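# Geometric and topological summary
Residues per chain, in single letters:
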Amino acid sequence: MDNELIVEKSWWNRNWKWSLPTFIVLILFVFGILITTTIDGNLTDIAQAYSEHSLYGKAIEKAQTNTRVLDVIGTIEPIDQLAVLEGNAIYSNHNKAVAVSVRIKGNKGKGKMDIAAVKNGKEWKYQKISIRIKDPKEEIQILKDTLTTRKN
């Protein structure tokens with residue numbers, strides 16, 4: 001009978017194959033929770049804006065009546081859902097007021113549409129609609145905010 005010394009591997013050497021991926025996933029999970037809590041509710045605003053089809057559709061209709069928009073951007077395509085997710089939405093007043101920025105694309109160009117609206121029942125009342133264009137750098141006012149332009 002031989003007297004050989006059996007040397008056990010360390011805990012890390014025996015278990016690294018499952019412990020390392022578990023540790024990485026745990027770190028990513030904690031990081032994800034920290035990110036979503038610091039967004040300060042904007043994630044839920046974007047999710048709600050994702051379902052507001054009439055808000056964008058009527059704003060595009062109003063923008064199509066502007067001759068400058070037709071000259072620079074052309075006929076605006078319907079806003080796709082990815083554009084809504086890429087945009088920015090902030091709801092206030094118990095989700096009855098919204099400020100949205102979303103990318104738009106036409107047959108001549110592209111830009112960003114900024115919308116400020118208040119919900120009255122099931123209809124949106126627009127306070128401001130504007131389109132920002134990079135080339136040439138320009139902002140086209142479709143509908144101005146009547147609250148800030150009104151004289152007291």
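Residues numbered from 1 in each chain as written. Predicted model: local features only at pLDDT ≥ 70, side-chain atom pairs only at ≥ 80, totals over all residues. Heavy atoms only, no water.

## Quick notes on the overall build of the protein chain
The condition is simple: Strands here mean DSSP runs of E at least two residues long; helices mean DSSP runs of H or I at least four residues long; both are numbered from the N terminus. Any residue under 20% of the maximum accessible area for its type is buried, any over 50% is exposed, and the rest in between are partly exposed; the area is computed with a 1.4 Å probe on protein chains only. Here, two residues are considered to be in contact whenever any of their heavy atoms come within 4.5 Å of each other. What sets the accessible areas is the Shrake-Rupley method with a 1.4 Å probe; for residues, cover comes only from the shown protein chains.
Tallying secondary structure elements over the protein chain gives 6 helices and 5 strands in all. Listing each helix as α and each strand as β along the protein chain from the N terminus yields α-α-α-α-α-β-β-β-β-β-α. Looking at the protein chain residue by residue over its 152 residues, the buried ones come to 29%. For the protein chain, long-range pairs separated by at least 24 residues make up 44% of all intrachain contacts whose partners lie at least 6 apart in sequence. Taken as a whole, the protein chain presents about 11,300 Å² of accessible surface, with 58% of it coming from carbon and sulfur.

## Quick word on the sheet that holds strand S2 (residues 97-105)
How we decide: When DSSP finds two or more bridges between two strands, those strands count as paired. Every axis in this analysis is a line fitted to C-alpha atoms, fitted for helices over the stretch in contact. Angles between the N-to-C directions lie between 0 and 180 degrees.
Reading across from one edge, S1-S2-S3-S4-S5 is the order of the 5 strands in this open sheet, with antiparallel pairing throughout. The two strands at the open ends of the sheet, each matched to only one other strand, are strand S1 (88-92) and strand S5 (138-143). Across the sheet, the mean angle separating the axes of adjacent strands is 20 degrees when strand polarity is ignored. Note: strand S4 (residues 123-133) against S5, 5 bridges, orientation antiparallel. Paired with Ile133 across the strands is Glu138, a residue of S5. Strands S2, strand S3 (110-120), S4 and S5 of the sheet are contacted by helix H3 (residues 53-64), whose axis makes an angle of about 60 degrees with S4.

## Points about unusual backbone geometry
Residue Pro136 follows Asp135 across a cis peptide bond; omega there is 0 degrees. Summarising the element assignment, Pro136 is placed in the loop between S4 and S5. At His94, a residue that is not glycine, the phi angle is positive and equals roughly 55 degrees. Residue placement: His94 occurs in the loop between S1 and S2.

## Focus on the confidence of the model for the protein chain
Low-pLDDT stretches of the model should not have their predicted coordinates read in fine detail. Convention followed: Residue-level confidence of the predictor is what pLDDT reports, using numbers from 0 through 100.
The pLDDT averaged across the protein chain works out to 83; a share of 86% of its residues lies at or above 70. Confidence over residues 148-152 falls short of pLDDT 50; this stretch has 0 contacts with residues more than four positions distant or in other chains.

## Some points on the pattern of salt bridges
Operational definition: Each salt bridge in this description consists of a side-chain nitrogen of Lys or Arg and a carboxyl oxygen of Asp or Glu lying within 4 Å of one another.
Counted by the stated rule, this structure contains 5 salt bridges. A salt bridge links Glu123 to Lys58; the shortest N-O distance between them is 3.5 Å. Highlighted residues: Glu123 in strand S4 and Lys58 in helix H3, separated in sequence by 65 residues. On the accessibility criterion, Glu123 (47% relative accessible area) is partly exposed. Residue classification places Lys58 among the partly exposed positions, given a relative accessible area of 35%.

## Examining the pairing of S3
Looking at chain direction, S2 and S3 are connected through 9 bridges and run antiparallel. Within the sheet, the bridge partner assigned to Ala99 lies in S3 and is Ala116. Linking S2 to S3, which pair antiparallel, is a turn of 4 residues. Note that S3 and S4 share 9 bridges and pair antiparallel.

## A few points about the environment of Ala49
Assignment of secondary structure puts Ala49 in helix H2 (residues 42-50). Taking the C-alpha atoms as reference points, Ala49 and Val100, separated by 51 residues in sequence, lie 8.0 Å from one another. The residues contacting Ala49, other than those within four sequence positions of it, are Tyr56, Val84, Ala89 and Tyr91.

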